[in-house]
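Summary of the model geometry
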Amino acid sequence: MSSLKIAVVGLGLGRHFVRTLAGHPDVDCLILCDADADRSEEVRQAHPEVSAIYEQLEVMLEKERPDAVFVVTPDHLHRPHSTLCMESGSHVLQTKPLATNLDDARAIVASSSATGKKLMVAHERRFRPQCQRVKALIEEGEIGDLIHLRVDAIADKRGQFKRAPWYASPEAGRSALNGTGIHEVDLIRYYTGRPIEAVSAFGNRLGGLDFPKDKTTAAVFRFEGDVIGQVTVTYEAQQPRGKHIDDHLRIVGTEGTIIGDRLYRVGEEDWEDLSGHSHDIRAGLQGAVLAFVDSLVNDTPIAVTGEDAFDSLAAADAADQSAARGEILRPESLK
Ligand SMILES: NC(=O)c1ccc[n+]([C@@H]2O[C@H](COP(=O)([O-])OP(=O)(O)OC[C@H]3O[C@@H](n4cnc5c(N)ncnc54)[C@H](O)[C@@H]3O)[C@@H](O)[C@H]2O)c1
């Protein structure tokens, strides 16, 4: 399928998706949809390729019948929006998280199976060049067998909650782990490529941010083969503006160690610098969009399926449940 008609709904983060789609050789028609008409107009001004703007998803789907819709609306709207799009005949690229609860997540995946429409979840971290380099090092055996991985999200969410209050609203259903931390949970799953057998976690609500669930959670995941993964996420880490420290990655293997942007291979004298590989969100989003368009045009496999994204959400959910109940849990499976 070439000459695609694509719509993007939700133009906060969604405007980055538009940037990659505008001028893409396989995209003939680009449509915007946002309940906030001013946002759509602003994005259209920047991209003359846009052919139409809408305020209501239902109306847009009815009139335009797009080949694919990129769903970039708030987390709790992913289920109604993605299922509506697939039931109306459009393939869907949806931003993360798949949903904020497992019922909604199952419904989205089931809608893809029932309609035969493609569903990809834009877990954009996987597409950042630095993450792809790390994944390649692991797959090529450069650090030997995995022993331990740790990926942390050390964030201050004051600005985000002020800009977009839905992030901290009870109906959004976000926790620190299923909201921001889903990136890190997804990354340790992606890097190991193994199922998670058990999860144990603690969480707290310390600090001044008004948020309905745990704002800081430390979770430990035991993967098949005894590999240990660890994710800590906090929304309360205040740091100097523009000088944010992001030392968030540690991987220990039998033949080497990765810490942040540095790689040590057993037998070498010094660290190798990995910082030449971009960690930029725009590169990640662009990679996700290009992978999805490729899967539409060339009917290639979906890079991050709904089933795959479900397993990341189920792992985050098991950690939240573990923190609440004080038990070691196994993540739920899709079926
Ligand atoms: N790195 C990442 O992958 C990443 C980063 C940021 C946000 N996100 C995700 O992207 C999504 C959007 O986040 P955001 O920061 O852009 O939020 P936002 O609030 O800035 O933007 C959401 C947009 O959706 C629109 N919208 C809401 N309801 C709508 C409806 N019924 N119909 C049409 N438009 C509607 C709003 O008007 C708004 O413009 C969330 O799921 C978030 O978790 C992912």
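Residues numbered from 1 in each chain as written. Predicted model: local features only at pLDDT ≥ 70, side-chain atom pairs only at ≥ 80, totals over all residues. Heavy atoms only, no water.

Take Ser 40: it is sitting in helix 2 (residues 37–46). By relative accessible area, which is 1% here, Ser 40 ends up buried. Setting aside residues up to four positions removed in sequence, Ser 40 forms contacts with Leu 11, Leu 32, Cys 33, Asp 34, Ile 53 and Tyr 54. (Helix = DSSP H or I, 4+ residues; strand = E, 2+ residues; numbered from the N terminus. Buried < 20%, exposed > 50% of the residue type's maximum accessible area, 1.4 Å probe, protein only. Contact = heavy atoms within 4.5 Å.)

This paragraph deals with the domain arrangement of the protein. Each assigned domain of the protein is listed here: domain 1 (4–124 + 283–304) and domain 2 (126–265 + 314–325). Just the C-alpha atoms count here: the centres of domain 1 and domain 2 sit 26 Å apart. Taken together, the contact between domain 1 and domain 2 spans 18 residues of the former and 17 residues of the latter. Here domain 1 packs against domain 2, burying approximately 1500 Å² in sum over the two surfaces, 59% of which is carbon and sulfur. In terms of surface lost to domain 2, no three residues of domain 1 exceed His 76, His 123 and Glu 124, which account for 35% of the buried area on that side. Counting the contacts that link domain 1 with domain 2 gives 2 salt bridges. Here Asp 75 makes a salt bridge to Arg 174, at a shortest N to O gap of 2.5 Å. For the interface between domain 1 and domain 2, the tally reads 8 residue pairs in polar contact (both at pLDDT 80 or more). Counting residues per element, the side of domain 1 that touches domain 2 draws most heavily on helix 9 (residues 281–298), at 5 residues. (Domains from an automatic or database assignment. Buried area = accessible area lost by both parts, 1.4 Å probe. Salt bridge = Lys/Arg side-chain N within 4 Å of Asp/Glu carboxyl O. Polar contact = N/O pair within 3.5 Å; in protein donor to acceptor, adjacent residues only side chain to side chain.)

For the rest of this paragraph, the subject is the pairing of strand 1 (residues 4–9). Of all 6 residues that make up strand 1, 5 are buried, and the element is covered over most of its length. Between the parallel elements strand 1 and strand 2 (residues 27–33), the chain passes through helix 1 (residues 14–21) in a crossover that is right-handed. Relative to strand 4 (residues 68–71), strand 1 is paired through 4 bridges, and the arrangement is parallel. Across the sheet, the residue bridging to Ala 7 is Val 69, located in strand 4. (Right-handed = clockwise from strand over helix to strand, strands pointing away. Pairing = 2+ DSSP bridges.)

A word on the sheet that holds strand 6 (residues 119–122). In spatial order, the strands read 3-2-1-4-5-6; together these 6 strands make up an open sheet with parallel pairing. Every interior strand has two partners, whereas the edge strands, strand 3 (50–54) and strand 6, have only one. Strand-to-strand twist across the sheet, computed as the mean angle between neighbouring axes with direction ignored, equals 20°. Relative to strand 3, strand 2 runs parallel, the two sharing 4 bridges. Opposite Cys 33, over in strand 3, you have Tyr 54 as the bridge partner. Contacts from helix 3 (residues 57–64) reach strand 1, strand 2, strand 3 and strand 4 within the one sheet, and its direction differs from that of strand 3 by about 140°. (Axes fitted to C-alpha atoms, helices over the stretch in contact; angles between N-to-C directions.)

It is worth spelling out the site of the ligand at this point. Near the ligand there are 27 residues, and of these Leu 13, Asp 34, Arg 39, Asp 75 and Tyr 167 occur at the shortest range. At 2.6 Å from an oxygen atom of the ligand is found a main-chain nitrogen or oxygen belonging to Leu 13. A distance of 2.9 Å is found between an oxygen atom of the ligand and a side-chain nitrogen or oxygen belonging to Arg 163. A total of 840 Å² of accessible area belongs to the ligand in isolation, and the protein chains cover 85% of it. (Near = heavy atom within 4 Å. Areas by Shrake-Rupley, 256 points an atom, 1.4 Å probe, with all protein chains shown as cover.)

What follows concerns helix 8 (residues 182–192). The element helix 8 is extensively covered by neighbouring structure, given that 11 of its 11 residues are classed as buried. When we look at burial in helix 8, the residues that qualify are Ile 182, His 183, Glu 184, Val 185, Asp 186, Leu 187, Ile 188, Arg 189, Tyr 190, Tyr 191 and Thr 192. Of the residues one or two after helix 8, Gly 193 is the one with positive phi, at around 65°.

Next up on the list: the packing of aromatic side chains. Enumeration according to the criterion identifies 8 aromatic pairs in this entry. Measuring from centroid to centroid gives 5.3 Å for Phe 211 and Tyr 235, while their planes differ by 75°, and the two rings are edge-to-face. Placement of Phe 211 in the loop between strand 8 (196–204) and strand 9 (216–223) and of Tyr 235 in the loop between strand 10 (228–234) and strand 11 (249–253) is noted, with a sequence separation of 24 residues between them. Take Phe 211: its relative accessible area is 8%, and that puts it in the buried class. Each member of the aromatic cluster is reached from another via a ring pair, and the members are Phe 17, Phe 70 and Phe 292. Taking NZ or CZ as reference, Arg 262 lies 5.4 Å from the ring centre of Trp 271, over its face. (Phe/Tyr/Trp six-rings, centres within 6.5 Å; stacked < 30°, edge-to-face > 60°. Lys NZ or Arg CZ within 6 Å of the ring centre and 35° of its normal.)

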